[in-house]
Each structure stands twice: as structure tokens, then as C-alpha cells.
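Structure assessment
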Number of protein chains: 2
Amino acid sequence: MPKQVDHRARRTLIADALFRVAAEQGLEGVSLRHVAAAAEVSTGMVQHYFRTKGEMMTFAMAVVQERQQARITERMGHLGADPGPRLLLRTLLAGVLPLDDESRAYGRVALAFLAYTSVRVEAGGPLREQTRELFGFVTGLVRAGGEAKDPEAAAAGLLATMEGLGVYLLGGHFTPEVALRALDAHLDLIFGPA
Amino acid sequence: MPKQVDHRARRTLIADALFRVAAEQGLEGVSLRHVAAAAEVSTGMVQHYFRTKGEMMTFAMAVVQERQQARITERMGHLGADPGPRLLLRTLLAGVLPLDDESRAYGRVALAFLAYTSVRVEAGGPLREQTRELFGFVTGLVRAGGEAKDPEAAAAGLLATMEGLGVYLLGGHFTPEVALRALDAHLDLIFGPA
């Protein structure tokens, strides 16, 4: 009797290895050879599920988005009935920052993907779509706070601050303490002192 | 008679090719093979000047820092005798943003380097030193503006905004118009309306 192949288990095995390699070695680690070695399978088998580096990068980024969203949704759920726009926003923005091992892994994959798409702009479509949605959501919260003269500009600035703090944290330029002080000071400016 | 080798001209030729490859193809383009092809020399000759990918990345980043600094110093020189801290800061921060072909090339190299150093933190030493200096300079300007309650936190937030806007511009997430509105709104919050 021929052996039954569990495709889903194989795919999960390879996908986990791919995410781990992207998080540990960044853009350069994402190759058939490295991912196959990490999953302890042949390069041919990796190729069966992911044909190109582009597909691997896009998949790793999708994993980040999904897990980050789950993490942040869970944190927001703990805020109680009516946390108000500022606390919601703080929970969202601080939740994305690479402040623990898990979010640092996500941040490294995201940074590798951003670098990848900055020279292959067509590959960045899904990420741009996500930014667009996040931008709309953050603009709504800033508007609900009622203090900003130009809520869209304030929201764009807050998103940029979050993104930049992430880059500075990943590179060891800022300590977590400096990053959170900067985020809270920016929220103070927009919503008035907490 | 043996041919005289002009080492400096060769080094410049290879360095230019290296910077071009890093700006056009990002982190992945930076390999002996690609740089040699772009400079139209042998891989052995590239290897004579740059032995590892790390050396190539570090060199490309140093070129970015030098040219960016020259560009911004020149712009600041055109501001007249006493521009005041806000205009100085705006000129500095907007000068770093990837808003034209030249600064986009710098931005792509910088983003590749940031991704590279996020998984090889030891390679990021010179860049961290540059951030530290810039942070001190920006904190001084914010303090001179006299409005911020916590000038250090405000300066960290402004630097992060600049960095994040750069990432969003390179990836096509924000238009130049949105990025500059966000920067000016952030400066308004810190210095009061212009």
C-alpha cells in the first residue's frame, strides 16, 4: 500500500521553518536551501510549496500580520467596556512595537519584507492595503479624541512614529523605555496630557 | 615596463558600482558577482577591495551618510542668518525623506542596511553612533523651541516619525504630500502652529 502523504502537516512544517529562518536570518536567510535545512526536508519539497523567494517572503509577512493582529485584538479585548480612543490607540501602537522576543521576531520579518518591497514595489500590494486600513482606523480614533486640527495628518504621524520606533528598537538605537516615552509624549500632544 | 595600476580610480569605480547595485537591487543585489558585473570587472578584483558582504553593506551605508549630510548641510546653509530651531529641524528632517530620485536611492540603501543589521546587531555600531548624535542635536533644537515638556521624548518621536515616513514613502504607502503634512503637523504640535 502506498504511503499516505499528509500535505497539510508538511506544509505547516515548512511554513514554520520558513518563518523561523526569516525571523532569525532576515532577507538573506530566505532561500530554498536555508529553509529546507531548517525544516529538515529536501529543497525539492520546499519548492513544491513555495516556488520563489517572493512567495516565501509574502508568506512570512502574512504570518506576521495574522499573528500580530491576533495578539493586538486579544490585548484590546482586555481593555474593558469603554476604554476610549487614546487607550485603544496606545494599545494598538505599543502592541506592534518589538518589545519582547515574539514581537521582535515579527519586526525582523517585517523589516526584511519592507526592504524587499522597496526595490520590488509590486510585491508590496497587500502590505500597502493593510497600511491603508490601519490608517483609516487610526484616523477615526484621532478624530474621536477630538483635539487634532488635522486628524489625518496626526494619524499619519502616529503610524510613522510607530514604524520608526520599531526600526530604532530592532537596530538597538533606542531602548524600550525611550521608545515608550516617545510614543506617550506623541499621544499627549495629540490627545492632551493623559 | 609593467603597467601602472591606478588603485584609487579602480576603488572608486567599484565603490560607485556597489552603491548603484545596493540602491537598485537592495540587500540581495549586494554580492561579489553582481557588483563585479555592474563595475565590469572580475569578482577577484572586487574581492581585493571588499572582502565580505558586511564590508560592502557598511561601505554603501557610509556613502549614504556622507552624501546625505552634505546635501542637508548645504540646504541649511541657504536658510539665512537666524532661521530658528523649527525651520532648522524641518529642513533637516524633510531633507532625509526619500522625496526625489537621489534621496530615494539613499533611502533604499539605508533600509537594506537596517534590515541587514536587525539580524546582525554588531554590524550596526556606526549607524547607532550616528543616531545618537542626531538625537542629541534634535533634542537641543526642541529644547531651544521652548514648548516641549519632555524635549528628549519629543526629539525621539520626531526622529521616529522621520524614519517611519521614510519607510512608508519607499514602500509607496504614503504620498509625499501626506508625509510632509504629517511632518508639519508633528512640528506644529511640538513648536505650536507655524
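Cut-offs applied
- Residues numbered from 1 in each chain as written.
- Chains lettered and ligands numbered in written order.
- Predicted model: local features only at pLDDT ≥ 70, side-chain atom pairs only at ≥ 80, totals over all residues.
- Heavy atoms only, no water.
- Domains from an automatic or database assignment.
- Contact = heavy atoms within 4.5 Å.
- Buried area = accessible area lost by both parts, 1.4 Å probe.
- Salt bridge = Lys/Arg side-chain N within 4 Å of Asp/Glu carboxyl O.
- Polar contact = N/O pair within 3.5 Å; in protein donor to acceptor, adjacent residues only side chain to side chain.
- Core = buried A, V, L, I, M, F, W, Y, C linked by side-chain atoms within 4.5 Å.
- Buried < 20%, exposed > 50% of the residue type's maximum accessible area, 1.4 Å probe, protein only.
- Axes fitted to C-alpha atoms, helices over the stretch in contact; angles between N-to-C directions.
- Helix = DSSP H or I, 4+ residues; strand = E, 2+ residues; numbered from the N terminus.
- Parallel < 35°, antiparallel > 145°, perpendicular 65-115°, else oblique.
- Left-handed = near helix turned anticlockwise from the far one by under 90°.
- Nonpolar A, V, L, I, M, F, W, Y, C, P; charged D, E, K, R; others polar.
- UniProt positions renumbered as here; feature names shortened; annotations may be inferred.
- Expected span 1.5 Å × (residues − 1).
- Least-squares fit on C-alpha atoms with pLDDT ≥ 70 in both.

Bringing the domain arrangement of chain A into the picture now. Residues and elements named next belong to chain A. Entries for chain A in the domain assignment read domain 1 (1-51) and domain 2 (58-191). Taking only C-alpha atoms into account, the centre of domain 1 sits 29 Å from that of domain 2. Taken together, the 10 residues of domain 1 in the interface contact 11 residues of domain 2. In total, about 840 Å² of surface goes out of reach between domain 1 and domain 2, with carbon and sulfur atoms giving 79% of it. The largest per-residue losses of area from domain 1 upon contact with domain 2 belong to Phe19, Ala23 and Leu27, which jointly make up 62% of the total buried on that side. Joining domain 1 to domain 2, the criterion identifies 0 salt bridges. Counting across the interface, domain 1 meets domain 2 through 1 residue pair in polar contact (both at pLDDT 80 or more).

We now examine the nonpolar core. Core analysis: the largest hydrophobic core is formed by 70 residues, its most contacted members being Ile14 and Phe19 of chain B. Discounting chain neighbours no more than four positions away, the residues touching Phe19 of chain B are Ala60, Val63, Val64, Arg67, Ala105, Tyr106 and Val109 of chain B. The next biggest cluster of nonpolar side chains, apart from the first, holds 59 residues, and it includes Leu158 and Leu159 of chain A together with Leu141 and Leu165 of chain B.

With that settled, the discussion passes to the packing of helix H4 (residues 53-77) of chain A against helix H6 (residues 101-118) of chain A. When two helices pack together, you describe them by how their axes are tilted relative to each other and by the distance separating the axes. Residues and elements named next belong to chain A. The geometry of H4 relative to H6 is characterised by a closest axis approach of 9 Å and an angle of 140 degrees between their N-to-C directions. Taken as axis vectors, H4 and H6 run oblique relative to one another. In terms of crossing hand, the pair formed by H4 and H6 is left-handed. Counted together, Lys53, Gly54, Met57, Thr58, Ala60, Met61, Val64, Arg67, Gln68 and Arg71 of H4 and Glu102, Ser103, Tyr106, Val109, Ala110, Ala112, Phe113 and Tyr116 of H6 form the full contact between these two elements. Residues belonging to the contact of H4 with H6 are distributed by class as follows: 10 nonpolar, 4 polar and 4 charged.

Looking now at the UniProt feature "DNA-binding region" (unreviewed entry) in chain A. The UniProt record annotates "DNA-binding region" (unreviewed entry) at residues 31-50 of chain A. Across residues 31-50 of chain A, helical content stands at 75% and strand content at 0%; the span's end C-alpha atoms are separated by 10 Å.

On to helix H6 (residues 101-118) of chain B. Its 18 residues give H6 of chain B an end-to-end C-alpha distance of 26 Å, which sits within 8% of 26 Å, the value for a rise of 1.5 Å per residue. The buried fraction of H6 of chain B is high, at 15 of 18 residues.

The relation between the two copies of this chain is a rotation about an axis and a shift parallel to it. Expressed as a screw transformation, the operator carrying chain A onto chain B has a rotation angle of 180 degrees and an axial translation of 0.0 Å, and the superposed copies differ by an RMSD of 0.0 Å. Accordingly, the operation relating the two chain copies is best matched by a two-fold axis. Here 100% of the interface residues in chain A have copies in chain B that are interface residues too; the copies meet face to matching face.

Residue placement: His173 of chain A occurs in the loop between helix H8 (151-170) and helix H9 (176-191). Judged by relative accessible area, which is 16%, His173 of chain A ranks as buried. Residues contacting His173 of chain A, with those up to four places away along its chain left out, are Tyr168 of chain A together with Leu114, Leu127, Arg128 and Thr131 of chain B.

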